[in-house]
Amino acid sequence: MTLEAQIQTQPPSTPAWAMLRTLGGIAMISGLLVALVYQVTLPIIAENQRVLTEQAVFRVLPGAVSKRDFVINGAGGLEPASEGASGELVYGGYDASGVLLGVALTGSAQGYAGPVNVMFAYDPACACIIGSKVLNSNETPGFGDKLDLDPAFLANFAALDARLNAEGTALANEIVTVKHGTKAQPWEIDGISGATISSNAMGRAANNAAQRAVPAIQRDLAWLMQQK
Amino acid sequence: MDKGIEIRTSPHLKRVISVDKIMRTVVLALLPICAFAVYQFGLSALLLLLTTTGVAMWTEWFFARLSGKGNTLADWSVVITGLLLGLTLPPGFPLWMAAVAAFVGVALGKALFGGLGYNVMNPALVGRAFVQAAFPVAITTWTPAFAPGRFMELIPSTLTLPFMQPNPVKDWVAGLHLDGWSGATPLAIQKFQHIEAPIADAFSGMIAGSAGETSALLILICGLWLAWQRMLDWRIPVSVLAGAALMALPFWLMDSGHYPSPWFVLSSGGLMLAAWFMASDMVASPVTARGVVIYGLFIGSLTVIIRLFGGLVEGVMYAILLGNALGPLISSWTQPRVYGTSKKS
Amino acid sequence: MAELPNTEERLTPDTFLRGLWEENPVFVMLLGMCPVLAVTSTTINALAMGLATTFVLVSSSLLVSLLRSWIPKQVRIASYIVIIATFVTIVDYAIQAISLELYAALGAFIQLIVANCVILGRAEAYASKQRIMTTLVNSLGMGAGFTLALLSLGGVREILGNGTILGISIFPADFQPWIVMILPPGGFFVLGGWLLLFNWLRLRKERKEAEQIGVTAHAR
């Protein structure tokens, strides 16, 4: 560095401690503020989350007034959701007298524009899916939102066959979406003409959800019915 | 009137053709196609064509006045835009939506760029792309051709109140007692059920579809006449059609039960009309001889790719819009070597 | 830096109004386009986004203005970003606490407020040089301008794309929605339309002023 350059760069130099002081001070204020807001909002957010899930569960299982959360544990059975338990969540819906109405499962599959997340209601008594609600999706409005609105399509989920095979490890018949107007089997979903990709995604989501959760539900069904 | 000696700058063309002469000839070539559309679909198609052309002309006039350009209707180009737009819409398309398409096409596709000669894309297709995205259901609602009372009554959806959903046509179609009417065009039937309509029917236009896209034969004749009049660059339609056929061929050879034959590809949908009258848009296509061939092959092959693998039934519209957008780039790639300069530089 | 001229602005109505019209962050400065295009498919989303951005803008500008003589030039951008990120995190939690549905609708764009150039621009160009009161008024004006711009996009897109305004239906039941308007291209179309209108108004005003000057010059 030449002498001239040194002279030019010297005057505005700020002492290092001033920078440290400022950055440290700002970081401290920032940390305090964030921690404070986090503490205040945490219980509210958790409550919001609970209410949102509960609404979805009660919507797919009409008549349910209470919900219990379960996780599918490593052994392929169910256990109550608690701090320590990890695994996929399913929700049991019970009516006022504590009778199990059904179990809500969540499934997801790739649709036309990103993943389609759906909640399905599974009725252990008839071994079938009895309701659906799209939790979130980016499907094209006017086409993709028929998944949740089109009465003809929703009729597919009135009693969609989800029986287990003889070993109880997987579904006896994979749930699939078939072309509009060609549904022949109780485990087939009649697609929406014009929203083929979205309705196919719905079928895959149902299949994913049922394949994972139904064996566990059926295994621990007796225990499940005693909970409330 | 004695003209005396005419002094002009280059290029020194032997045959003096003005813009409005070209445009008038193109309009003339479109008239038989319009007439067939009206014969096939009746009053509704007539009203549709009148609406798109009228609104397109009004929009052109309005924007010309706004920008103080004087009367630009005289060059006839906007009439072509209006007619082409009308021909690509389903015959029972609600008139108010057609008016929106014409307005958006001319305003967004042409006027905002500075009028004729400055538009990057074909204005008719800009308008159609807009309504395709805005009203996807209405634009895929087809009505049968040669309905018995077509000269006496309108398709119910034609006269829909502005901003309202199209009147349902299901009952009206059922009342016609047509056998085997499925509401789908041959292209859609091929795509989803893998059944090809007879080539002869598709080629001559005895099928359902957009108002003016059904008869490949008639379009071919009109287009050939126009090319013979040297009003369009024959390389463009030929290379579009060749691109489409070449792209379709290997798939058809691999699995002819699933993929359409090249003949079906050429004679169905809007490909023929688009190749002869839209891809050949003088403003929006490249200017070099090699460039137009690349441009045409690109549009043709892309059309087939969209038809076979895309979510849409017909892809020629987006293929041309994309080709238009690439036009200047293709032109600059294919600049001929200036005489006397070396190849590399 | 005593030798620099005093750049501190006096508080006038213009301090606030500039953000609404003359220096509108969206329609004039074309800043922060990402949320403008992405979350304006409904009025309520646009409003929430506008308010969230305004909150971050106002609070971070205030803090920057408060600390302006403390922040050395070399670390100013780092300081501003930390301050902005703090308030963005706060907004993020607040929206989750208010409504999870809204949070899902706004998605990643809440966190992306931190990268909104309107805010960093205000901190750098205004708050770091001005007194607290003028900063408060100016950033409120900018926030209001930004919110107004988002609302004007969101309003048009929701009315045409869904037939509703703030979720309330304003058309008869068989209204045909313009689906393109709630899709991303609709954002571009509507933004383009508004920009066209604003530029046309601005040009007309300039032309009128030029004519005025011409007239007075002529009269002399």
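Refer to the structure printed above.
About the thresholds
Residues numbered from 1 in each chain as written. Chains lettered and ligands numbered in written order. Predicted model: local features only at pLDDT ≥ 70, side-chain atom pairs only at ≥ 80, totals over all residues. Heavy atoms only, no water. Salt bridge = Lys/Arg side-chain N within 4 Å of Asp/Glu carboxyl O. Helix = DSSP H or I, 4+ residues; strand = E, 2+ residues; numbered from the N terminus. Buried < 20%, exposed > 50% of the residue type's maximum accessible area, 1.4 Å probe, protein only. Phe/Tyr/Trp six-rings, centres within 6.5 Å; stacked < 30°, edge-to-face > 60°. Contact = heavy atoms within 4.5 Å. Buried area = accessible area lost by both parts, 1.4 Å probe. Polar contact = N/O pair within 3.5 Å; in protein donor to acceptor, adjacent residues only side chain to side chain. Pairing = 2+ DSSP bridges.

A. Representation of the pattern of salt bridges within the structure. Residues and elements named next belong to chain A. The tally for this structure, following the rule as stated, stands at 12 salt bridges over all chains. A salt bridge links Glu54 to Arg50, with the shortest nitrogen-to-oxygen separation between them at 2.9 Å. Note that Glu54 and Arg50 are positioned in helix α2 (residues 16-60) at a spacing of four residues, about one turn of the helix. Exposure remark for Glu54: the relative accessible area of 22% places this residue in the partly exposed category. Arg219 is the partner of Asp220 in a salt bridge, and the nearest nitrogen-oxygen pair spans 3.8 Å.

B. Summary view of the packing of aromatic side chains. According to the stated counting rule, one finds 23 aromatic pairs over all chains in the structure shown. Centre to centre, the rings of Phe120(A) and Phe157(A) are 5.8 Å apart; their planes meet at 35°, and the pair counts as tilted. On the criterion of sequence distance, the pair formed by Phe120(A) in strand β5 (residues 114-123) and Phe157(A) in the loop between α4 (151-154) and β7 (160-161) is long-range, its members being 37 residues apart. Like Phe157(A), Phe120(A) is buried. Centre to centre, the rings of Phe171(C) and Phe175(C) are 4.3 Å apart; their planes meet at 10°, and the pair counts as stacked. What makes Phe171(C) partly exposed here is its relative accessible area of 30%.

C. Fine view of the interface of chain C and chain A. Taken together, the contacts link 24 residues of chain C with 23 residues of chain A. Together chain C and chain A conceal approximately 2000 Å² of surface at their shared face, both sides included; 80% is due to carbon and sulfur atoms. Taken together, the links from chain C to chain A amount to zero salt bridges. Where chain C touches chain A, the interface holds five residue pairs in polar contact (both at pLDDT 80 or more). Contributing elements (two or more residues each) for the side of chain C that touches chain A: α4 (76-98), α5 (100-106) and α8 (179-182) of chain C. Considering each element in turn, the side of chain C that touches chain A owes the most residues, 12 residues, to α4(C).

D. Summary view of the pairing of strand β1 (residues 66-72) of chain A. Residue and element names in this part refer to chain A. Pairing geometry for β1 and strand β3 (residues 89-94), over six bridges, is antiparallel. Pairing of Arg68 across the sheet is with Gly92, part of β3. Between β1 and the antiparallel strand that follows it, strand β2 (residues 78-80), lie five residues; Gly76 among them carries a positive phi value of about 85°.

E. Looking closely at the environment of Gly181(A). With respect to the helices and strands, the residue Gly181(A) is situated in the loop between β8 (176-178) and β9 (188-190). A sequence separation of 10 residues divides Gly181(A) from Gly191(A), and the C-alpha atoms of the two residues are 7.6 Å apart.

F. Fine view of unusual backbone geometry. Residue and element names in this part refer to chain B. For Trp76, which is not glycine, the phi dihedral falls at a positive 65°. By secondary structure assignment, the location of Trp76 is in the loop between α2 (43-66) and α3 (77-88). Of note in the backbone geometry, Arg230 takes a positive phi value of approximately 60° without being a glycine. Counting through the fold element by element, Arg230 comes out in the loop between α9 (216-228) and α10 (235-254). Overall, Arg230 belongs to the exposed group, its relative accessible area being 62%.

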